[in-house]
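Structure at a glance
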Amino acid sequence: MELTSLPIAIIGAGPVGLAAAAQVLSRGLTPLVFEAGPSAGAAMRRWGHVRMFSPWKYDVDAEGAAILERHGWVRPDGETFPTGRELVEQYLEPLASTRELAPHIRYDSRVTSVARHEHDLMKDATRETAPFLVRVDGAAGEQDVLAQAVIDASGTTERPGVLGGSGLPAIGERSAAGRIAYGIPDVLGSQRSRYQGRRVLVVGSGHSALNALLDLAQLVETDGRTHIIWAIRRPALAQTLGGARNDQLAERGRLGARVRTLLDTNRLQLVRAFRIARITSTVAGLVVSDGAQDLPPVDEIIAATGFRPDWSILGEVRLDLDPAVESPRALAPLIDPNVHSCGTVRPHGAEELKHPDANLFAIGMKSYGRAPTFLLLTGYEQARSVVSAIAGDWDAARRVELVLPETGACSLDRDEAPTVACCGSAPAPLEVLTATPVAVRVGAGCCG
Ligand SMILES: Cc1cc2nc3c(=O)[nH]c(=O)nc-3n(C[C@H](O)[C@H](O)[C@H](O)COP(=O)(O)OP(=O)(O)OC[C@H]3O[C@@H](n4cnc5c(N)ncnc54)[C@H](O)[C@@H]3O)c2cc1C
C-alpha cells in the first residue's frame with residue numbers, strides 16, 4: 001500500500017485541528033478530520049459565554065483566514081475580543097463550511113484509539129512503513145480508517161483537573177459531583193439560578209477562576225445573599241493577579257486588576273495556601289476541609305483547576321512524554337511552570353513535538369499537557385510546522401515563523417510559586433526568527 005495515497009487524520013475540529021486541515025490542503029495533501037461533537041468548535045462552545053483575553057488578530061490562523069477570504073469573508077476588527085461562541089460562529093464554523101474543508105470533516109465521530117496497522121505497540125519490524133489505523137466511533141458504529149499520519153488536536157477540556165490538593169479527587173469529591181461545576185459555568189446566563197443568592201466556593205488561581213469570580217461578583221450586585229469564597233493553593237496572590245498593565249494581552253492583564261478591586265472592597269473572601277483534602281455534605285451545606293481547617297459551608301463549588309490531557313487514545317502508539325508536564329518531552333522545559341512561569345513561551349514546532357512513532361503529533365491545547373499557558377497563536381504555528389514535517393519539508397518545519405505577544409502574566413493556574421522567578425531562567429535564549437527573518441527576543445522582561 002502506498003502510504004502517501006492515504007489521508008492525514010486529524011483528531012478534533014477545534015481551532016487548531018482546522019488550522020492543521022487548512023495547512024494540509026495548502027500542501028496539496030488530503031486531510032480527514034474527525035470531530036466528536038456535532039459541529040466545529042464543539043469544545044469551545046462549552047465556554048462560549050467567556051470573553052477571550054486575546055483579540056481577534058491573535059485568534060485566527062493565517063491559512064484558515066486565507067481560505068475564508070477567498071469566499072469573501074470579512075475579518076472581524078482585530079483589536080476587539082470575541083467570546084468563545086463568537087469565535088466559533090464568526091470563524092470556525094464558516095471555515096469548516098467552506099467547499100475546501102467541508103468534504104474532509106466527519107462530525108459526531110469520536111476517535112477512540114490509534115495504532116499502527118498490523119503492528120501492536122511492541123512490534124518493531126516494518127513499523128515505520130505501516131500506516132496508522134484510526135478507530136472511530138460514529139453514527140455508523142465502529143470503523144477503522146487508515147492514515148499516513150495522525151495529528152491529535154483533541155484538546156483537554158473533556159478532562160478537567162480535580163479539587164483534591166494532591167492531584168487525586170478529594171475524599172467526597174465524587175459524591176458531591178452534583179454541586180461541583182468544572183471549568184467556567186455560565187453564571188450570568190443559563191446557570192444563573194444555580195448561583196444567584198447562593199454561597200459559592202471558587203477554587204483555582206488561573207484565568208478561569210478570575211472569570212468565574214468576576215461573573216459571581218455581578219450576581220452579588222443583584223442579589224446580596226450571594227456570597228463568594230475563593231480558595232487558592234498558593235500562599236500569596238502576587239503571581240495570581242500578575243500581568244496587569246505589563247500584559248500585551250491587555251484583556252488578560254485587566255482580569256487580575258478587576259479581581260484585586262473585588263478583594264480591596266471586601267466583595268469576596270479569600271483563603272490562601274488551602275489544599276483541599278475532603279468535601280463533606282452536611283445539612284448546612286458542603287463543608288470543604290484541608291484536614292486542619294474547615295471552610296464555611298457552601299451550596300456550590302466551581303472547580304477552575306485547569307485541565308489534563310487524555311493520552312489514552314494514543315496508548316497503542318509510541319509516545320515520548322514528560323512524566324510531570326505530560327507534554328512531549330522536548331517541549332516540557334519550554335512550558336513547565338516550575339521553571340518558566342510566564343505566559344510567554346518560546347515558539348516551537350515539529351522538532352519538539354515529534355514522537356518515536358514518526359508522523360504522529362499532538363498539537364494545540366493537548367500538546368501542553370498540564371501546563372496552563374497555551375495560546376492559539378502557538379497552536380497555529382505548531383500546525384504549520386508539523387504539516388511541513390509530514391510533507392517532508394523539514395526546512396520549513398524547523399523555521400519558526402511566529403512572534404508571540406509579551407504577556408507579562410506570571411499568573412498561571414499552577415498551585416505554587418515557581419522555584420525561579422518569572423523570566424528568571426528560561427531554559428534557553430528565547431530567540432525567534434520571524435519570516436523576515438529578524439531575530440526577536442520574546443519573553444525578556446516579561447515581569448518588568
Ligand atoms: C475559558 C478559556 C479561555 C481561553 N481563552 C483563550 C484566549 O483568549 N486566547 C488564546 O490564545 N487561548 C485561549 N484559551 C486556550 C486555547 O486556545 C483554547 O482552549 C482552544 O480552544 C484550544 O484549541 P484546540 O483546537 O487545541 O482544542 P479545542 O478547542 O478543545 O478543540 C478540540 C476538539 O476536539 C474534539 N475532540 C475531543 N476528543 C476527541 C476525540 N477523541 N475524537 C474526535 N474529536 C475529539 C472536541 O470536541 C473539540 O472540538 C482559552 C481556553 C479556555 C478554556
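Residues numbered from 1 in each chain as written. Predicted model: local features only at pLDDT ≥ 70, side-chain atom pairs only at ≥ 80, totals over all residues. Heavy atoms only, no water.

The name an unreviewed UniProt entry gives the protein chain is Putative glutamate synthase subunit beta, with Luteitalea pratensis as the organism.

1. Topic: the overall build of the protein chain
Helices and strands together make up the secondary structure of the protein chain, namely eleven helices and 17 strands. Split into buried and exposed, the 448 residues of the protein chain put 54% on the buried side. Counting only contacts in the protein chain whose residues sit at least 6 apart along the sequence, the fraction spanning at least 24 positions is 71%. Accessible surface for the protein chain amounts to roughly 18,600 Å². Of this, 50% is attributable to carbon and sulfur atoms. (Helix = DSSP H or I, 4+ residues; strand = E, 2+ residues; numbered from the N terminus. Buried < 20%, exposed > 50% of the residue type's maximum accessible area, 1.4 Å probe, protein only. Contact = heavy atoms within 4.5 Å. Areas by Shrake-Rupley, 256 points an atom, 1.4 Å probe, with all protein chains shown as cover.)

2. Focus: the pattern of salt bridges
Close approach of charged atoms lets side chains of opposite charge pair. For the structure on display, the rule yields 22 salt bridges. Two residues, Arg27 and Asp393, come together in a salt bridge whose shortest N-O distance is 3.1 Å. Note that Arg27 is positioned in the loop between helix H1 (15-26) and strand S2 (31-34) and Asp393 in the loop between helix H10 (376-390) and helix H11 (394-398), a separation of 366 residues in sequence. The exposure class of Asp393 is partly exposed, given its relative accessible area of 26%. A salt bridge links Asp124 to Arg318; the nearest nitrogen and oxygen atoms lie 2.8 Å apart. Of the two residues, Asp124 sits in the loop between strand S4 (110-116) and strand S5 (132-138) while Arg318 sits in the loop between strand S14 (300-303) and helix H8 (332-335), which places them 194 residues apart along the sequence. Exposure remark for Arg318: the relative accessible area of 23% places this residue in the partly exposed category. Three or more residues joined by partner-sharing salt bridges are found here, namely Arg45, Glu89 and Glu93. (Salt bridge = Lys/Arg side-chain N within 4 Å of Asp/Glu carboxyl O.)

3. Some points on the sheet that holds S4
Across the sheet, which stays open at both edges, the three strands sit in the order S4-S5-S6 with antiparallel pairing between neighbours. The open sheet has two free edges, formed respectively by S4 and strand S6 (141-147), since each of these has just one partner strand. Neighbour-to-neighbour, the strand axes of the sheet open up by a mean angle of 25°, direction not taken into account. Bridge analysis of S4 against S5 gives six bridges, and the strand direction is antiparallel. Of the residues in S5, the one forming a bridge with Val114 is Val134. (Pairing = 2+ DSSP bridges. Axes fitted to C-alpha atoms, helices over the stretch in contact; angles between N-to-C directions.)

4. Notes on the side chain of Asp61
You can see Asp61 is positioned in the loop between helix H2 (42-46) and helix H3 (62-70). Buried and unpaired, Asp61 has no salt bridge, with Arg384 as the nearest side chain of opposite charge at 8.2 Å. In contact with Asp61, other than residues within four places in its own chain, are Ala19, Ala22, Gln23, Tyr91 and Tyr380. (Lys, Arg positive; Asp, Glu negative; His and termini not counted.)

5. Thoughts on the packing of aromatic side chains
Within the structure shown, the criterion is met by two aromatic pairs. Measuring from centroid to centroid gives 6.0 Å for Trp73 and Tyr91, while their planes differ by 45°, and the two rings are tilted. Here Trp73 is found in the loop between H3 and helix H4 (84-96), whereas its partner Tyr91 is found in helix H4, with 18 residues between them in sequence. For the pair Tyr368 and Phe374, a centre-to-centre distance of 5.2 Å together with 80° between the ring planes defines the contact as edge-to-face. For Tyr368, a relative accessible area of 0% gives the class buried. A cation over a ring is seen here: Arg116 above Phe132, with NZ or CZ 4.1 Å from the ring centre. For Lys366, the ring lying beneath its charged end belongs to Trp311, and the centroid distance is 5.0 Å. (Phe/Tyr/Trp six-rings, centres within 6.5 Å; stacked < 30°, edge-to-face > 60°. Lys NZ or Arg CZ within 6 Å of the ring centre and 35° of its normal.)

6. Remarks on unusual backbone geometry
Phi angles above zero are rare outside glycine, and Asp108 is one such case at about 50°. Along the chain, Asp108 turns up in the loop between strand S3 (105-106) and S4. Here the phi dihedral of Asn359 falls at roughly 60°; this positive angle occurs in a residue that is not glycine. If you trace the backbone, Asn359 turns up in the loop between helix H9 (350-353) and strand S15 (360-362). Overall, Asn359 belongs to the partly exposed group, its relative accessible area being 26%.

7. With respect to the environment of Ala42
Mapped onto the fold, Ala42 is located in helix H2. Assessed through its relative accessible area of 16%, Ala42 is described here as buried. A sequence separation of 46 residues divides Ala42 from Val88, and the C-alpha atoms of the two residues are 8.5 Å apart. Those residues in contact with Ala42, other than ones at most four positions away along the chain, are Glu35 and Gly37.

8. Quick word on the environment of Arg370
Take Arg370: it is sitting in the loop between S15 and H10. With a relative accessible area of 34%, Arg370 lands in the partly exposed category. Each C-alpha atom, one on Arg370 and one on Gly161, is 9.0 Å from the other, the two residues being 209 residues apart in sequence. In this view, Arg370 contacts Phe307, Arg308, Pro309, Ala324, Val325 and Glu326; residues no more than four positions away in its chain are not counted. Among the polar contacts made by the side chain of Arg370, one reaches the side chain of Glu326 at a distance of 2.6 Å. (Polar contact = N/O pair within 3.5 Å; in protein donor to acceptor, adjacent residues only side chain to side chain.)

9. Quick notes on the nonpolar core
Leu18, Tyr91, Ile151, Phe361, Ile363 and Val386 are the most contacted members of the largest nonpolar core, which has 51 residues in total. Judged by nonpolar contacts, the second largest core, of 26 residues, contains Leu213, Leu214, Leu219 and Leu268. (Core = buried A, V, L, I, M, F, W, Y, C linked by side-chain atoms within 4.5 Å.)

10. Observations regarding the site of the ligand
Contacts to the ligand come from 30 residues, most closely from Glu35, Phe53, Ser54, Met365 and Leu376. In this structure, a nitrogen atom belonging to the ligand sits 2.9 Å away from a main-chain N or O atom of Val111. Taken by itself the ligand offers 980 Å² of open surface, and the protein chains cover 95% of this. Sorting the residues of the shell around the ligand by element identifies H1, H2 and S4 as the ones contributing at least two each. No other element matches H2, which puts three residues into the shell around the ligand. For the shell around the ligand, a count of residues per class yields 19 nonpolar, eight polar and three charged. (Near = heavy atom within 4 Å. Nonpolar A, V, L, I, M, F, W, Y, C, P; charged D, E, K, R; others polar.)

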